[in-house]
Amino acid sequence: MASSLAVCRLHMRGGGSFVKCLQKVDTFLHRSIATDVVAAARADAPRKEESDEKEERKSLHSLQVERQEQAERSVLISCQPRTNEKKFLKFLSKHGDVKKYFFYESYGIYAVVEFSDRESVASLLEGAAIPSVSHESTVPFKSRLLSLRNLDSPNQLSGQQCQPQTTITINELTQRLSREESVDQQIASLTKAYQLTEENSRLRFLVCSLLKDIAAAYFPECTIKPFGSSVNGFGKLGCDLDMFLDLDGISGRNIKMPKSGLSLEYQVKRANSERAVTQSILSVIGECVDQFGPGCVGVQKILNARCPLVRFAHQPSGFQCDLTANNRVAMKSTELLYLYGGLDPRVRSLVFTVRCWARTHGVTSSIPGAWITNFSLTVMVLFFLQKRSPPIIPTLDHLRDLAGPADKSVIEGNDCTFVSDFSKIQPQSNTETLEKLLGEFFEFYATFPLSRMSINIRKGKEQNKPEVAPLHIQNPFETSLNVSKNVNATQLDRFVVLCQESSWLLQQTEANTPRGGGGGDDATPWGLATLLLPSQVAGVKGRKKRRREPASERIKGLLESLKNKNQPKTS
Ligand code: GTP
Ligand code: MG
């Protein structure tokens, strides 16, 4: 997990007509989400027409297949700042029909171009030259990452308008939220501002596809799939790109040897363990990415980790990438989160809000350590939603009971079976608003017996902790493992104290009333915005003291006691 080098603001154009191409779509205003499935999710309308939405919901597998295919027909082109867009498209169109394209900025201007078919890509590449650079030598590695050279005189009208690649800052977000008229609208606004865009999602699949071309030098039939927050529906702009090198599709893997007659099998190298195989594959591919991968910098091979990986920055996209192999359980966790996020729009909105809140207060971090991870935090939100009455989402055991034969999955002896077809899952009758849920979430974890009980989304029930750990969240699939094993008591205490504080803040009528900030830049924070201001009881170093509403004596006393409780542990 890591934040990206930079977050790209992208502009997308429809394919075909040049007129259409010039139509700028501000992605900040028209953000669609990473997963097509939940695109219709509206945080301010908790009970929307389920029937309509169901039709849109695809399984993660179908979505991956569709996106991968799209990515294979796409190229990534570095453009000069004042490239004439019309000529650029005319040039591309010589090779075939351009279905979609968009520009974004990340260390220069880039265009993602999707052709209607792969032959067009082949034709485009055929005409591309290997650059000759004076005083330097180049690796003649051909890929779909290209540079556009000197197409036109630069002083012509530039069609493409790229915004700087910045994501909304926490201060901008606070201002934006302060101008909303209800907490539900604030949550919707936050989700909209932070979620991955359609373009960002396409770019993630394209980077996987480009990486696949490198790995294919050794394993032509491999695939590289994104997992984690890039596809689970909970990804924030700028989140890392987790990639999984999948060798299972290599033909011949599942062919059973006939019982009689002649047959052939490949001679292969043998190793002591699956882990050793994974390490050697990642080592070689990591080397290849490092030596030959255009745009891939800072390659680190972290092969002795519990889950061996190759980490690098993909400069043209701005993504921090983690490439793993043989990581099927994480793929299943991704699928599960995707399913939960697609069941009810409140799930994604609440997860986004809690993740943003946690990051703002330093409860989570991009640096590995004793912090709660986004994955653990998401499981905590899911558990809370299972505990509502009536529940908002079903237990994992229930999802397993609904599974069909095609859903059966056992990985390294762990039962990872659960339903993938949304239509088999009954909608829940809970109609609580997001405002209510947010307040209840903080209240729930402010008072939950975390010292004794383990969080278990398989059963939707807390259970006695099977081992000593400040925070115990049962791994949904590898049930003997604790996904929050890394969390120490100090970090957990901070989380609890912040939950207590946020719960009280949301209960303060005064702090929870829209201030009618209008369109100005200095709207007074209220509601959710106040929860994103620096904490008084669990402050993060270096943050300014915040201006608080006058608190009642009771709240003052309560905050004081929390401060005292927290001090010895945080100092
Ligand atoms: P961010 O990168 O923080 O936005 O979230 P993420 O969900 O992508 O988390 P991360 O990059 O840390 O991990 C990628 C994926 O690996 C997660 O979505 C999970 O599917 C899986 N994963 C991460 N940590 C654990 C863990 O402790 N146990 C299990 N079973 N899976 C994990
Ligand atoms: Mg991630």
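Check the entry above for the structure.
Residues numbered from 1 in each chain as written. Chains lettered and ligands numbered in written order. Predicted model: local features only at pLDDT ≥ 70, side-chain atom pairs only at ≥ 80, totals over all residues. Heavy atoms only, no water.

**Some remarks on the environment of G249**
- With respect to the helices and strands, the residue G249 is situated in the loop between β7 (241-246) and α9 (274-292).
- G249 gets classed as exposed once you look at its relative accessible area, which sits at 56%.
- Each C-alpha atom, one on G249 and one on E221, is 6.8 Å from the other, the two residues being 28 residues apart in sequence. (Helix = DSSP H or I, 4+ residues; strand = E, 2+ residues; numbered from the N terminus. Buried < 20%, exposed > 50% of the residue type's maximum accessible area, 1.4 Å probe, protein only.)

**Quick word on the pairing of strand β3 (residues 98-105)**
- As defined by bridge partners, β3 adjoins strand β4 (residues 109-115) across seven bridges and the pair is classed as antiparallel. Considered in β4, the bridge of E105 is made with I109.
- Two successive antiparallel strands, β3 and β4, enclose a turn made up of three residues, where Y107 displays a positive phi of approximately 50 degrees. (Pairing = 2+ DSSP bridges.)

**Thoughts on empty space enclosed by the protein**
- Inspection of the entire model under this criterion finds four cavities of 30 Å³ or more.
- Roughly 60 Å³ of internal volume is contained in the second largest cavity.
- A total of three residues in the lining of the second largest cavity trace back to one element, the largest contributor, which is helix α8 (residues 198-215).
- Residues of the lining of the second largest cavity, tallied by class, amount to six nonpolar, two polar and one charged. (1 Å grid on protein atoms, 1.4 Å probe; cavity = no way out; pocket = protein on both sides within 12 Å on 5 of 7 lines; lining within 4 Å. Points joined across faces, edges and corners; volume = space filled by probe spheres on them. Nonpolar A, V, L, I, M, F, W, Y, C, P; charged D, E, K, R; others polar.)

**Quick look at the coordination of the magnesium ion (ligand 2)**
- Protein coordination of the magnesium ion (ligand 2) is provided by D240 (OD) and D242 (OD), with donor distances spanning 2.1 Å.
- D242 sits in the buried class, given a relative accessible area of 12%. (Donors = N, O, S within 2.8 Å, 3.2 Å for Na, K, Ca; no water.)

**Description of unusual backbone geometry**
- Here the bond from S389 into P390 is cis, since omega is -5 degrees, no more than 30 degrees from zero.
- Notably, N326 is not glycine yet its phi reads approximately 55 degrees, a positive angle.
- Within the secondary structure, N326 is located in the loop between β10 (319-325) and α10 (328-343).
- Given a relative accessible area of 32%, N326 falls into the partly exposed group.
- Non-glycine residue E412 carries a positive phi angle of around 45 degrees.

**Details of the sheet that holds strand β6 (residues 223-227)**
- The sheet built from five strands is open, its strands ordered β6-β7-β10-β9-β8 with mixed pairing. In the strand order of this sheet, the two ends are held by β6 and β8 (296-302), each with one partner. Averaged over all pairs of adjacent strands, the angle between strand axes in this sheet comes to 25 degrees, irrespective of strand direction.
- Where β6 and β7 come together, five bridges link them in antiparallel fashion. The residue of β7 that forms the bridge with K225 is F244.
- Across the sheet, α8 lies against β6, β7, β8, β9 (309-314) and β10, angled at about 150 degrees from β6, the strand it touches most. (Axes fitted to C-alpha atoms, helices over the stretch in contact; angles between N-to-C directions. Contact = heavy atoms within 4.5 Å.)

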